[in-house]
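Chain residues, written in single-letter form:
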Amino acid sequence: MKRLYKFYLTALTLVFTAAINGAAALAVDDMWTVANNLIVDVYGQIAGISTVLAGLMSAVAVVGAKLSNNQHKVDQAWDWLKRIWIAWAVINGIGAFIAYVAPFFSGLATLTPGTSASTDTAAGT
């Protein structure tokens, strides 16, 4: 019975592995296009969520500062507000930096099949 279970488990693993690898082989885009789309999509979600959270947390910090009667808590609320704004600026600054720098690297992620670096340098190209 144990042999049958091991055989079944091995066969099932091979079928799932073939199914997963077959889907990757039938992909329409190349690896760089998929990676770029994934990065842009994920960063867009992060920037959107960080903007909403920065607005919400800024409102909480301002309300906390205005409603508090303790000067120490008011100072803490303004410090938190500064940290929120700095974190939001850093997160959105990363996106601006990537958008500015990405065109400089646009031609570097290409591979030409059939040629090697030694034949290109020997040919003078």
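Residues numbered from 1 in each chain as written. Predicted model: local features only at pLDDT ≥ 70, side-chain atom pairs only at ≥ 80, totals over all residues. Heavy atoms only, no water.

### A closer look at the packing of aromatic side chains
For the structure on display, the rule yields zero aromatic pairs. Here the basic side chain of Arg83 rests over the ring of Trp80, its NZ or CZ set 5.3 Å away from the ring centre. (Phe/Tyr/Trp six-rings, centres within 6.5 Å; stacked < 30°, edge-to-face > 60°. Lys NZ or Arg CZ within 6 Å of the ring centre and 35° of its normal.)

### Here we look at helix α2 (residues 31–67)
If you check α2, its first and last C-alpha atoms are 53 Å apart, about what 37 residues at 1.5 Å a residue would give, namely 54 Å. For α2, the secondary structure elements touched by its buried residues are α3 (71–101). (Helix = DSSP H or I, 4+ residues; strand = E, 2+ residues; numbered from the N terminus. Expected span 1.5 Å × (residues − 1). Contact = heavy atoms within 4.5 Å.)

### So, the packing of α2 against α3
Relative orientation of the contacting elements α2 and α3 amounts to 165°, with a least axis distance of 9 Å. As judged from the angle between their axes, α2 and α3 are roughly antiparallel. Of the two possible hands of crossing, α2 and α3 adopt the one that is left-handed. Between α2, through Tyr43, Ile46, Ala47, Ser50, Thr51, Ala54, Met57, Ser58, Ala61, Val62, Gly64 and Ala65, and α3, the contact on the second element is made entirely by Val74, Ala77, Trp78, Leu81, Ile84, Trp85, Trp88, Ile91, Asn92, Ile94 and Gly95. The residue makeup of the contact of α2 with α3, split by class, is 17 nonpolar, six polar and no charged. (Axes fitted to C-alpha atoms, helices over the stretch in contact; angles between N-to-C directions. Parallel < 35°, antiparallel > 145°, perpendicular 65-115°, else oblique. Left-handed = near helix turned anticlockwise from the far one by under 90°. Nonpolar A, V, L, I, M, F, W, Y, C, P; charged D, E, K, R; others polar.)

### Observations concerning the side chain of Ser58
Its location among the elements puts Ser58 in helix α2. Not counting the four nearest positions on each side in its chain, Ser58 is found in contact with Leu81, Ile84 and Trp85.

### Focus on α3
Counting along an α-helix, one turn takes 3.6 residues, and residues three or four places apart therefore face a common direction. For α3, which comprises 31 residues, the first-to-last C-alpha distance of 44 Å matches the rise-based estimate of 45 Å (1.5 Å per residue) to within 8%. Looking only at α3, the buried set comprises Val74, Ala77, Leu81, Ile84, Gly95 and Val101. The inward-facing, buried residues of α3 contact α2. (Buried < 20%, exposed > 50% of the residue type's maximum accessible area, 1.4 Å probe, protein only.)

### Things to note about the side chain of Ser50
Residue placement: Ser50 occurs in helix α2. If we ignore the near neighbours within four places in the chain, the residues touching Ser50 are Trp88 and Ile91.

### Looking at the environment of Thr51
Of note, Thr51 is situated in helix α2. Look at Thr51 and you get partly exposed, because its relative accessible area is 38%. Taking the C-alpha atoms as reference, Thr51 lies 6.9 Å from Trp88; in sequence the two are 37 residues apart. Once you skip the residues sitting within four places of it in the chain, Thr51 turns out to touch Trp88 and Asn92. Here the side chain of Thr51 touches Trp88 through a polar contact of 3.1 Å, side chain to side chain. (Polar contact = N/O pair within 3.5 Å; in protein donor to acceptor, adjacent residues only side chain to side chain.)

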